[in-house]
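Per-entry structural report
What follows is each chain in one-letter form.
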Amino acid sequence: MNVSDILFYFLSALAIGSAILVVISRSPIYSVLWLIVTFFAISGHYIMMNAQFLGIVNLIVYAGAIMVLFLFVIMLINLNTDAKPQKGKWLRLAGTVAGGCLLLVLVAALKNTEVKGMGVQVGTGDIGLINQLGKALFTEYVVPFEISSILFLSAMVGAVVIGKK
Amino acid sequence: MITLLAIDWLFILEKLILIVSIISISLVIAMYETYAERKVAAVMQDRRGPNRAGPFGILQPLADGLKLFMKEEIIPNTSNRFLFVLGPCMAMLTAMMTSAVIPWGGKIHFTLFGADRWVSLQIADINIGILYIFGVVSMGVYGIMIGGWASNNKFSLMAAMRGASQVISYELPMGLSLIALLMLTGSLKMSSIVGGQIDSWYNVLYQPLGFFIFLVCAFAECNRTPFDLPEAENELNFGYHQEYSSMKLGFYLFAEYINMFISSAVMVSLFWGGYDIPFIKDANLAEQIGYNWLAALQGLSMFIKIAIFIFAFMWVRWTIPRFRYDQLMNLGWKTLIPLSLFNMIITALVVLLREYGWRF
Amino acid sequence: MQHLTNRAKPVDRKPMTALEKLYLWNIAKGMWITLKHIFKRKATINFPEQRREFSPVFRGLQVLNRDAEGRENCTACGLCAVACPAEAITMEAAERQPGEEHLYREEKYAAKYEINMLRCIFCGLCEEACPKDAVYLSETFAPSNYQRKGFIYGKEDLLIPHPKLEPEAYQQALGTRAKRQEKASSN
């Protein structure tokens, strides 16, 4: 077990643990903060896989901007009282069943994938570096890239239109 | 990653010394920034400023720090205790972290156990240096927001909201103005951006508009006047750190000054040649006085440039009144973003034309 | 409307042009002004070491005067107390005993003479009312104090130092009064 293995398991434990805490935290503020910790752990994984650009952009966009907006909303509508416990036990049962189904589907989907059993390729590959990523996005995947940017633009225009009403 | 973590104790020791010295230097500089701020304010208002503690009052920051330590530590009863303490810690942490990727000087050369060692005066030369700075700066919002919210005070909350939305809004034109710069340098690495400017033209000559936009945004990111809305004393009772006292308040105030220092350092590195000594060929100088002295002189030149920027920060603070909130947002979204987009397109056009040899 | 001075300017409420919205020109002007102020003469002084001169008409703390031989001028006639619009002065008279001629100039003197500096408005009417040149307003002001009773000044606070025993302190307390009086009489 070398250093990168230790780092990998540490980051994975951190990511999963904080993701669980996101779900079970009573206060929504704490949920958001744990989600930020999760993003940090995932960014750590990106960096371990030599994808520094993706890692840091993940931080800037998700932890730096989107989560701030979440915090904004939660703080402004003053959700700092603890969330009320769920009422009916049937609802809880249904939730458990639905979640279990999702888990089952995920496990089934991942069971036969190729990477199973392979260790993480630490420090290899350069697709996450900015040069390679830029080339891939603007040559090979230029059409989906532009389409997604148009999607964002239309979302923005829509928000402005709704805001103007 | 493996090479970084493979055990090279000397390497780790070097980096540790570098980290400790840079952090202590930035703390001392932040301390004397408070003194300089008061002095600059004084001379601009025809006053004398602090001149009682020590000769010319240079011990004033120590007295201020001692005062902050001696003050009573108050944690409001209704606030969230953990987050209340976390807020100033976050502010301080993010302020300190940015200094990791800034190159403070050339390489130092020494011989240890018969082996030549070259140590560059930069903690980490990662190949996404600028983005790292961006990431850390965007984390800085959490210090403000968590502190403002955990104070459980309407004024603090409003100020925190203002601060956060201001920082997010001004990150956009900042990033856009940087993109134009990156088109010229072709690298996100801080060391190669600075290296490209050594013994040649500074980036500010190619990117005057970009530099200007970056400067304005840096003012906004540091929450300095004219963008110091989060701590508008007369509207929001001292802003997001209203409920804070003692050293926790000190951390917030200190973080502001460290931010000022670091953003000056970033501006110097990106646009004003970093540690390059102006008007002199650094390589020639190295042959005459040796690399270690050159590194010292380069560090000095960097700090002089930074001091000029810090003075500019203070100069602006004691000149310009605060913007109104709508003016602030209008300036950010309706003026600076279009300007930086324009700058970006022009730069892209020029770079493209140069690549094709000025032919269409 | 009639303007009082020719410097008055009507308020300009035109909407800002695009260039003005950048605030650049005005900011540069402001920065230039503050830069000029760096090199200007300082308006403040180092207070305890340097002191400003009082204006010739300054009216400060009251002083109970002595004559050249060090005898108190005051005869406790009460004219100052009557003249005082703030009713800050109280006094008690006493008769001079034989053997006290070197202390008091006339047969009657003020055994107690108090001025409440919280009430005093430093108008100088006591000085004008005094027929014996016994009370006048000096060139100092009342120092701060923690308690109200510290502002009730008795005789020991008000009396001028003895001209024979402490000539230096006497001269200092006298200040520029003689000069001012000369100037006033010559005018």
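Residues numbered from 1 in each chain as written. Chains lettered and ligands numbered in written order. Predicted model: local features only at pLDDT ≥ 70, side-chain atom pairs only at ≥ 80, totals over all residues.

Some words on the overall build of chain A
Here is the rule: The helix count covers DSSP runs of H or I at least four residues long, the strand count covers runs of E at least two residues long, and both are numbered beginning at the N terminus. Working definition of burial: number of other C-beta atoms within 10 Å of the residue's own, with buried at 20 or more, exposed at 12 or fewer, and partly exposed in between, all C-beta atoms being placed from the backbone. Remark: residues whose backbone-derived C-beta atoms lie within 7 Å of one another are considered to be in contact.
Across its full length, chain A holds 6 helices and 0 strands. Scanning chain A from its N terminus toward the C terminus, one meets helices and strands in the order α-α-α-α-α-α. Counting across all 165 residues of chain A, residues that qualify as buried make up 18%. For chain A, the proportion of contacts with a sequence separation of at least 24, taken over those separated by at least 6, is 62%.

Topic: the interface of chain B and chain A
Under the convention used in this document: Classes in brief: Ala, Val, Leu, Ile, Met, Phe, Trp, Tyr, Cys and Pro nonpolar; Asp, Glu, Lys and Arg charged; the others, Gly included, polar.
If you look at the interface, chain B gives 20 residues, while chain A gives 20 residues. Only helix 1 (2–5), helix 5 (129–150) and helix 6 (154–185) of chain B provide two or more residues apiece to the side of chain B that touches chain A. Looking at which element gives the most residues to the side of chain B that touches chain A, the answer is helix 5 of chain B, with 9 residues. Of the residues assigned to the side of chain B that touches chain A, the class counts are 17 nonpolar, 3 polar and no charged.

Side note on the sheet that holds strand 3 (residues 108–116) of chain C
Adjacent strands of a sheet pair through backbone hydrogen bonds, lying either parallel or antiparallel. Residue and element names in this part refer to chain C. Put simply, the rule is: Only when DSSP finds a minimum of two bridges between them are two strands counted as paired.
Read from one edge to the other, the open sheet built from 3 strands follows the order 2-3-5, with strand pairing classed as antiparallel. The sheet is open, and its two edges are formed by strand 2 (89–95) and strand 5 (152–153), each paired on a single side. One ladder, built from 7 bridges, connects strand 2 with strand 3; its direction is antiparallel. Across the sheet, Ile89 pairs through a bridge with Ile115, a residue of strand 3.

A look at the interface of chain C and chain B
Tallying the contact residues gives 12 residues for chain C and 10 residues for chain B. Per-element tally for the side of chain C that touches chain B: the top contributor is helix 2 (residues 24–38) of chain C, with 6 residues. Looking at the side of chain C that touches chain B residue by residue, the class counts come to 5 nonpolar, 4 polar and 3 charged.

Side note on the pairing of strand 3 of chain C
Along any regular strand the residues' side chains alternate between the sheet's two faces. Note that strand 3 of chain C and strand 5 of chain C share 2 bridges and pair antiparallel. Looking across to strand 5 of chain C, one finds that Ile115 of chain C is bridged to Tyr153 of chain C.

Looking at the nonpolar core
To keep things clear, this is the line we draw: We call a set of buried Ala, Val, Leu, Ile, Met, Phe, Trp, Tyr and Cys residues a nonpolar core when their C-beta atoms link them within 7 Å.
Counting 111 residues, the largest nonpolar core has Met145, Ala160, Ile258 and Phe261 of chain B as its most contacted members. Those residues within four positions of Met145 of chain B in sequence are excluded, and the remaining contacts are Val68 and Leu71 of chain A together with Ala160 and Ala164 of chain B. Counting 20 residues, the second largest nonpolar core, distinct from the first, contains Leu64, Cys80, Ile89 and Ala134 of chain C.

Some points on the arrangement of the chains
Counting contacts across all 2 pairs of chains found in contact, the highest total belongs to chains A and B. You won't find any contact between chain A and chain C; their C-alpha atoms come no closer than 23 Å.

Here's the deal with helix 2 (residues 9–44) of chain B
Residue and element names in this part refer to chain B. Put simply, the test is: Each helix should span, by expectation, one fewer than its residue count multiplied by 1.5 Å.
Its 36 residues give helix 2 an end-to-end C-alpha distance of 51 Å, which sits within 8% of 52 Å, the value for a rise of 1.5 Å per residue. When we look at burial in helix 2, the residues that qualify are Ser26, Ile29, Ala30, Glu33, Tyr35, Lys39, Val40 and Met44. Backbone geometry just after helix 2 places Asp46 at a positive phi near 60°.

What to know about the environment of Gly100 of chain A
Residue and element names in this part refer to chain A. Checked against the element boundaries, Gly100 lands in helix 4 (residues 89–111). Exposure remark for Gly100: the 10 C-beta atoms within 10 Å place this residue in the exposed category. It is 31 Å that separates the C-alpha atoms of Gly100 and Val68, two residues lying 32 residues apart in sequence.

Brief notes about the confidence of the model for chain A
To keep it simple, the criterion reads: Per residue, pLDDT captures the predictor's confidence, and it can take any value from 0 to 100.
The pLDDT averaged across chain A works out to 83; a share of 84% of its residues lies at or above 70. Predicted confidence in chain A is weakest over helix 5 (residues 130–140) of chain A, with a mean pLDDT of 83, and strongest over helix 6 (residues 142–164) of chain A, with 92.

Focus: the confidence of the model for chain C
Averaged over every residue, the pLDDT of chain C is 84; the share at 70 or more is 93%. Here the predicted complex carries an ipTM of 0.80, next to a pTM of 0.81.

Let's talk about unusual backbone geometry
All names here are of chain B. In this structure, Asp46 takes a positive phi of about 60° despite not being glycine. Note on placement: Asp46 falls in the loop between helix 2 and helix 3 (60–70). Of note in the backbone geometry, Asn223 takes a positive phi value of approximately 55° without being a glycine. With respect to the helices and strands, Asn223 occurs in the loop between helix 9 (208–221) and helix 10 (233–236).

A few points about the packing of helix 2 of chain B against helix 13 (residues 291–317) of chain B
All names here are of chain B. Going by this rule: Only the stretch in contact is used when fitting a helix axis, every axis being a line fitted to C-alpha atoms; angles between N-to-C directions are given from 0 to 180 degrees. Small angles under 35 degrees read as roughly parallel and large ones over 145 as roughly antiparallel, with 65 to 115 read as roughly perpendicular and the rest as oblique. Note on convention: the crossing is left-handed when the near helix lies turned anticlockwise from the far helix by less than a right angle, right-handed when the turn is clockwise.
Between helix 2 and helix 13, the least distance of the axes is 10 Å, while the angle of their chain directions is 50°. The angle between the axes of helix 2 and helix 13 places the two elements in the oblique class. For the element pair helix 2 and helix 13, the recorded crossing hand is right-handed. Where helix 2 abuts helix 13, its residues Glu33, Ala36, Glu37 and Val40 lie against Ile310, Phe311, Met314 and Trp315.

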